[in-house]
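Secondary and tertiary structure notes
One letter stands for each residue in the lines below.
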Amino acid sequence: MADLQALKGRFTELYGSENAEPIHVFHAPGRVNLIGEHTDYNGGYVFPAALTFGTTMLIRKREDEQVGFASTNFPLHKHISINNIAFDPADDWMNYPKGIIHEIQKKGLSVGGYDILYSGAIPNGSGLSSSASIEVVTAYGLLTMEGHPADKVQIALMSQKAENEFMGVKCGIMDQFAVAMGKKDHAILLMCDTLEYKHVPFESGAYKLVIGNTNKKRGLVDSAYNERRSQCEQAVKDLQQQFPELTLLGQLNLEQFNAYQHLIPDETVRKRARHVVEEIDRVLQSMKVLEKGDLEAFGQLMIGSHNSLRDLYEVTCLELDVMVEEALKIPGVLGSRMTGAGFGGCTVSLVHEDSVETFIEQVGRVYKEKTGLTADFYVCDIGNGVEQVTEA
Ligand code: GLA
């Protein structure tokens, strides 16, 4: 969590201290997905966890109908009328909170004027859901300030809608759900079709989750992401010859898929669909092995997931593959995989605490030799979802 006193100082520097209304503080984390990648928009299972770092939002009521947006991460700062909320490319990151205001207004709920300062601890474009984090903290903060119901599942859905419609990114529900609904020391098993979920204690004992940021800028990720989505939709259409009721690949089990995959004529589409069905199966297997405390078996499933994302779904890249390959060479590493949409961003590895230092040094060094890029590593704890921050 950011230094609140310093942030409040920055807030009053930006917005003045004449306004006697109190400054309220909200926080939403980033997320890491442990397994179940590119399954959410296919109505499958995911297994993400909230991080302990994310986006902090300071907010203070205004008398008029303006909303002031500022961030400690970007220079752009301005006031926008709440009666004129529309997407504007020049507003850059501010379009995320604007999308949320737009969603709240669409529900017929009031939003008054506020001054807002964000401070983000999630590296942008790293695949740790900085966008879901700012969306969810804004939705939760504004609804709470206005005295409207702030149900966290509804907030996740509203934030996904803002991202889909206002921002034009066709993401699934995983990121917003994890960021809204996270629980300290627990991962979330979420069925994305029904939104049934369970908080599963993530007890990794002497093993740590280490996130490796490739710092590879993700190019063309939206178009490639949308292309994968259409390929999955194509596979559903092909399989409807046998399963007329099928609407999502997640409704098929592995056995059914194996029996009827020949109905998908296009080889690439067939590979995409195989990844989805097998990945969902890997999430279910993960639950079984984790229940028994078998972290080694879970590590193997993580590796299987990465290989499938590389070979079948084709959303990894040289940087992600090198980082995973090098991670797996370190003794004490049980598993490693890319996390998030892919094409860059981060990996997540399960590393014995005695090996963490070697891991960071060695993987970092070889990664740099092989890619020319400097990686960042975070040894991560699992934190809570969105919440209001009360000061001690
Ligand atoms: C991005 C999207 C999620 C999900 C993942 C891949 O993070 O926002 O909805 O599809 O990619 O699992």
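Residues numbered from 1 in each chain as written. Predicted model: local features only at pLDDT ≥ 70, side-chain atom pairs only at ≥ 80, totals over all residues. Heavy atoms only, no water.

1. Brief notes about the overall build of the protein chain
Convention followed: A run of H or I in DSSP becomes a helix once it reaches four residues, and a run of E becomes a strand once it reaches two; helices and strands are each numbered from the N terminus. C-alpha atoms define the radius of gyration, and 2.2 Å times the number of residues to the power 0.38 defines the globule rule. Buried residues are those whose accessible area, probed at 1.4 Å on protein chains only, stays under 20% of the maximum for their type, while exposed residues exceed 50% and partly exposed ones sit between those limits. Contact criterion: two residues are considered in contact whenever any of their non-hydrogen atoms come within 4.5 Å of each other. Where accessible areas are quoted, they stem from the Shrake-Rupley method and a 1.4 Å probe; at the residue level, only the protein chains shown are allowed to cover. As used throughout, the charge tally considers Lys and Arg to be positive and Asp and Glu to be negative, leaving His and the chain termini uncounted. Charge placement uses NZ in Lys and CZ in Arg. For Asp and Glu, CG and CD serve respectively.
Along the backbone of the protein chain there are 11 helices and 13 strands. Relative to the globule expectation of 21 Å for 392 residues, the C-alpha radius of gyration of the protein chain, 21 Å, shows essentially globular dimensions. Taken along the three principal axes of its C-alpha coordinates, the protein chain extends 65 × 50 × 40 Å. Put simply, the protein chain has 392 residues, and 58% of those count as buried. Here the analysis covers contacts within the protein chain between residues at least 6 apart in sequence; of these, 71% occur between residues at least 24 apart. A total accessible area of about 16,200 Å² is found for the protein chain, and carbon and sulfur atoms account for 48% of it. Side chains of the protein chain carry 36 positive and 53 negative charges; the gap between the two charge centres is 2 Å.

2. Regarding helix α4 (residues 152–166)
For an α-helix the count is 3.6 residues per turn, leaving residues at separations of three or four pointing the same way. Short version of the rule: Expected helix span is given by 1.5 Å per residue-to-residue step, counting one fewer step than there are residues. We define a polar contact as two N or O atoms separated by no more than 3.5 Å, with the added condition that, inside protein, one atom must be a possible hydrogen donor and the other a possible acceptor, whereas residues neighbouring each other in sequence contribute only through side-chain atom pairs.
Taking 1.5 Å of rise per residue, the 15 residues of α4 would be expected to cover 21 Å, and the 20 Å separating its terminal C-alpha atoms lies within 8% of that figure. Every buried residue of α4 is listed here: V153, I155, A156, M158, S159, Q160, A162, E163 and F166. Buried-residue contacts for α4 involve α2 (95–106), α3 (130–146) and α5 (174–181). Measuring from the side-chain oxygen of the N-cap residue of α4 to the backbone nitrogen of V153 gives 3.2 Å; that N-cap residue is D151. Within two residues after α4, G168 carries a phi angle of roughly 75 degrees, on the positive side.

3. Points about the sheet that holds strand β4 (residues 66–71)
Let me state the cut-off plainly: Strand pairing is assigned whenever DSSP identifies at least 2 bridges connecting the two strands. Between N-to-C directions, angles cover 0 to 180 degrees, with each direction set by a line fitted to C-alpha atoms, over the stretch in contact for helices.
Spatial ordering of the open sheet is given by β5-β4-β6-β3-β1-β13, a layout of 6 strands whose pairing is mixed. Looking at strand neighbours, the two that pair on one side only are β5 (78–81) and β13 (387–388), the edges of this open sheet. Sitting on the sheet, helix α1 (residues 4–15) touches β1 (24–33), β3 (48–61), β4, β5 and β6 (114–120), and the angle it makes with β6 is about 135 degrees. Packed onto the sheet, α2 meets β4, β5 and β6 and runs at close to 150 degrees relative to β4.

4. Focus on the environment of H79
Mapped onto the fold, H79 is located in strand β5. Taking the relative accessible area as the measure of exposure, H79 reaches 33% and is therefore partly exposed. For the pair formed by H79 and G141, sequence separation is 62 residues and the distance between their alpha carbons is 18 Å. Those residues in contact with H79 that sit more than four places away from it in its chain are Y15, R62, Q66, V67, G68 and D115.

5. Description of the UniProt feature "domain: Galactokinase N-terminal" (unreviewed entry) in the protein chain
Just so we agree on the cut-off: UniProt positions are given in the numbering used here, feature names are shortened, and annotations may be inferred rather than shown by experiment.
According to UniProt, the feature "domain: Galactokinase N-terminal" (unreviewed entry) maps to residues 10–61 in the numbering used here. What you have in residues 10–61 is 12% helix and 50% strand, and the ends, taken at the C-alpha atoms, are 17 Å apart.

6. Considering the sheet that holds strand β9 (residues 207–213)
Sheets are built from strands paired through backbone hydrogen bonds, the pairs being either parallel or antiparallel. Reading across from one edge, β10-β11-β9-β12 is the order of the 4 strands in this open sheet, with antiparallel pairing throughout. Each end of this open sheet is capped by a strand with a single partner; those strands are β10 (333–339) and β12 (376–380). Each adjacent strand pair in this sheet contributes to an overall mean axis angle of 20 degrees, direction not counted. Relative to β12, β9 runs antiparallel, the two sharing 5 bridges. Bridge pairing in β12 places G212 opposite F377. Contacts from helix α9 (residues 295–311) reach β9, β10 and β11 (346–352), with the element oriented near 35 degrees to β10.

7. Describing the side chain of H148
Looking at the element boundaries, H148 is found in the loop between α3 and α4. H148 gets classed as buried once you look at its relative accessible area, which sits at 16%. Only 3.0 Å separates the side chain of H148 from the backbone oxygen of S110, close enough to count as a polar contact. If near-sequence neighbours (up to four positions away) are discounted, H148 is found in contact with L109, S110 and L143.

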